[in-house]
Each structure stands twice: as C-alpha cells, then as structure tokens.
Amino acid sequence: MENYIQYAGGYQKDNIDLSDIKKAIKDVQQADDEHGAFWVSVIIENENVIETNKDLSLSIILDEEQMKFQAANWTEVEELFILLLDEKFIDIKNKIKVQ
C-alpha cells in the first residue's frame, strides 16, 4: 500500500500514519481560507482520496466513485481518515450514506 498527505499550501509527505492526520487537522484549523484544505490518498489498485476543507466539507473518491460529505465535527473527520488508512472503504461509504 502506498499513501500520502498533501496540503493546499504545497506540503506533502509519503507513508503517513494517524499522527500526520492529527497534525494536518490542527494545521488546517489554523490556516487561512486559501490554504485551509488537505487530502490523504491511499493507493491500492486505484487512488482512494479524502479531501477535507476548513469548513468540514469533504470530497471523497473511493474505488473511482466520487462523493461529497459534510462532517459534523473534526472528530468525525478523523474517524473517516482512520478508516481510509485501514483500507475500510465500505465502512466509509456506509458511514457517509447514513447521514
């Protein structure tokens, strides 16, 4: 598995873990609106991505299916990224379709 995180401001890091996501959440909360986004990609056969904006809106691509989601809070965002890193794509789809 290959994964990476990238910020709208240009920062990128490969082979990430939960600590990188927690840092990104903290950073995006403090960023200005122009740089207030980051995304994580997990590449298996296809690229699976969650992009998070400062306003808690998410753009999600899983198995080439695109979805939008409005998170209630940063805890929910973190939970989705944990599922992404664990490659639990079906769990992500179920969670965002319930709400």
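Note: the structure precedes this text.
Residues numbered from 1 in each chain as written. Predicted model: local features only at pLDDT ≥ 70, side-chain atom pairs only at ≥ 80, totals over all residues. Heavy atoms only, no water.

With that settled, consider the pattern of salt bridges. For side chains of opposite charge, pairing can occur when their charged atoms come near one another. If you walk through the whole model with that rule in mind, you get seven salt bridges. In this structure, K23 engages D27 in a salt bridge whose closest nitrogen and oxygen atoms are separated by 2.7 Å. One end of the pair, K23, and the other, D27, are both in helix α1 (residues 18-30), four residues apart, so they sit about a helical turn from each other. Taking the relative accessible area as the measure of exposure, D27 reaches 23% and is therefore partly exposed. E79 is paired through a salt bridge with K95; the nearest N and O atoms lie 3.6 Å apart. Of this pair, E79 sits in helix α2 (residues 74-85) while K95 sits in helix α3 (residues 89-98), and the two are 16 residues apart along the sequence. Using a relative accessible area of 24% as the deciding quantity, one classes K95 as partly exposed. Here the salt bridges do not stand alone but share partners, grouping D63, E65, K93 and K97 into one network. (Salt bridge = Lys/Arg side-chain N within 4 Å of Asp/Glu carboxyl O. Helix = DSSP H or I, 4+ residues; strand = E, 2+ residues; numbered from the N terminus. Buried < 20%, exposed > 50% of the residue type's maximum accessible area, 1.4 Å probe, protein only.)

Quick look at the nonpolar core now. The biggest cluster of nonpolar side chains holds 28 residues, and the ones touching the most others in it are F38, V40 and L84. Of all the secondary-structure elements, those providing two or more residues to this core are β1 (2-7), α1, β3 (37-43), β5 (57-62), β6 (65-70), α2 and α3. A per-element tally of this core places α2 first, with seven residues. (Core = buried A, V, L, I, M, F, W, Y, C linked by side-chain atoms within 4.5 Å.)

Turning next to unusual backbone geometry. For E64, which is not a glycine, the phi torsion comes out positive at approximately 70°. Relative to the helices and strands, E64 is located in the loop between β5 and β6.

Before going further, it helps to spend a moment on the sheet that holds strand β4 (residues 47-53). Read across the sheet, six strands follow the order β2-β1-β3-β4-β5-β6 without closing on themselves; strand pairing throughout is antiparallel. Of all the strands in the sheet, the pair left with one neighbour each is β2 (12-14) and β6. On average, each strand axis in the sheet is tilted by 10° relative to the strand beside it, whichever way the strands run. Note: β1 against β2, three bridges, orientation antiparallel. (Pairing = 2+ DSSP bridges. Axes fitted to C-alpha atoms, helices over the stretch in contact; angles between N-to-C directions.)

Now for a negative patch on the surface. On the surface, D32, D33, E34 and D55 cluster together to form a negatively charged patch. Secondary-structure assignment places D55 in the loop between β4 and β5. (Patch = residues over 30% accessible without salt bridge, like charges linked within 9 Å, V, L, I, M, F, W, Y side chains within 5 Å. Areas by Shrake-Rupley, 256 points an atom, 1.4 Å probe, with all protein chains shown as cover. Lys, Arg positive; Asp, Glu negative; His and termini not counted. Charge placed at Lys NZ, Arg CZ, Asp CG, Glu CD.)

From the geometry alone we can't say anything about function, so treat these as descriptive.
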